Amino acid sequence: MANQLQSGIEPSRFDAVLSREPFKGLKAILDSLGPDHEALCAGVNGANSYEELLANLGYRLTLTKQIHVQDCYSRMDAAGGIRDVLPYYDIPTQGSLPTLVNFDSTVTTTPKSASFFNEMLLELKRQLSEPE
């Protein structure tokens, strides 16, 4: 088989599936967490939940009742603690699902967003396990 990562997922297949429209929000989060492609593949392969995926990548999930995205942009620096603001909006569910990546290796999101991305991760894993 072509060049496979330690995770057992072929890199081109992982990229192709993750680049599909339904995974746009998850891809933005994963891209923000780090450029280590092998770690991302292994993290997805070894995770049974969104929280576990984040832990596999060295991040801790913190939940908050709500996130005021516009306020977060003003705190995007080391002093404010926010490294990246990802204001994902899911059109089919009409849901605002913001995520913050913080300098202290935490990812902050709402329970609704965490649940949404947990389902998205499970669907990604399902599609990755399908035969080509």
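None of these values were measured; they are calculated from a predicted model.

On to the pattern of salt bridges, then. In total, this model carries 3 salt bridges according to the counting rule given. Between Lys27 and Asp31 there is a salt bridge whose closest N-O contact spans 2.8 Å. You can see Lys27 and its partner Asp31 sitting in helix α2 (residues 24-33), 4 residues apart, about one turn around the helix. Using a relative accessible area of 27% as the deciding quantity, one classes Lys27 as partly exposed. Each member of the salt-bridge network shares a partner with another, and the members are Glu123, Arg126 and Glu130.

Let us look at unusual backbone geometry. You will see that Gln94, though not glycine, has its phi angle at about 55°, which is positive. Counting through the fold element by element, Gln94 comes out in the loop between β2 (82-90) and β3 (95-102). Judged by relative accessible area, Gln94 falls into the exposed class, the value being 53%. At Ser105, a residue that is not glycine, the phi angle is positive and equals roughly 65°. Tracing the chain through its elements places Ser105 in the loop between β3 and β4 (106-109). According to the relative accessible area criterion, Ser105 is partly exposed, its value standing at 34%.

Scored by pLDDT, the protein chain comes out at a mean of 90, with 94% of its residues at no less than 70. Scored below 50 in pLDDT, residues 1-7 makes 15 contacts in the model with residues more than four places away or belonging to other chains.

This part is about the packing of helix α1 (residues 11-18) against helix α3 (residues 37-46). Put simply, α1 and α3 touch, their axes get as near as 11 Å, and they point 70° apart. By the angle between their axes, α1 is roughly perpendicular relative to α3. Packed against α1, whose contacting residues are Pro11, Phe14 and Asp15, the element α3 presents His37, Leu40, Cys41 and Val44 at the interface. The residue inventory of the contact of α1 with α3, partitioned by class, reads 5 nonpolar, 1 polar and 1 charged.

Conventions used here
Residues numbered from 1 in each chain as written. Predicted model: local features only at pLDDT ≥ 70, side-chain atom pairs only at ≥ 80, totals over all residues. Heavy atoms only, no water. Salt bridge = Lys/Arg side-chain N within 4 Å of Asp/Glu carboxyl O. Helix = DSSP H or I, 4+ residues; strand = E, 2+ residues; numbered from the N terminus. Buried < 20%, exposed > 50% of the residue type's maximum accessible area, 1.4 Å probe, protein only. pLDDT = per-residue confidence, 0-100. Contact = heavy atoms within 4.5 Å. Axes fitted to C-alpha atoms, helices over the stretch in contact; angles between N-to-C directions. Parallel < 35°, antiparallel > 145°, perpendicular 65-115°, else oblique. Nonpolar A, V, L, I, M, F, W, Y, C, P; charged D, E, K, R; others polar.

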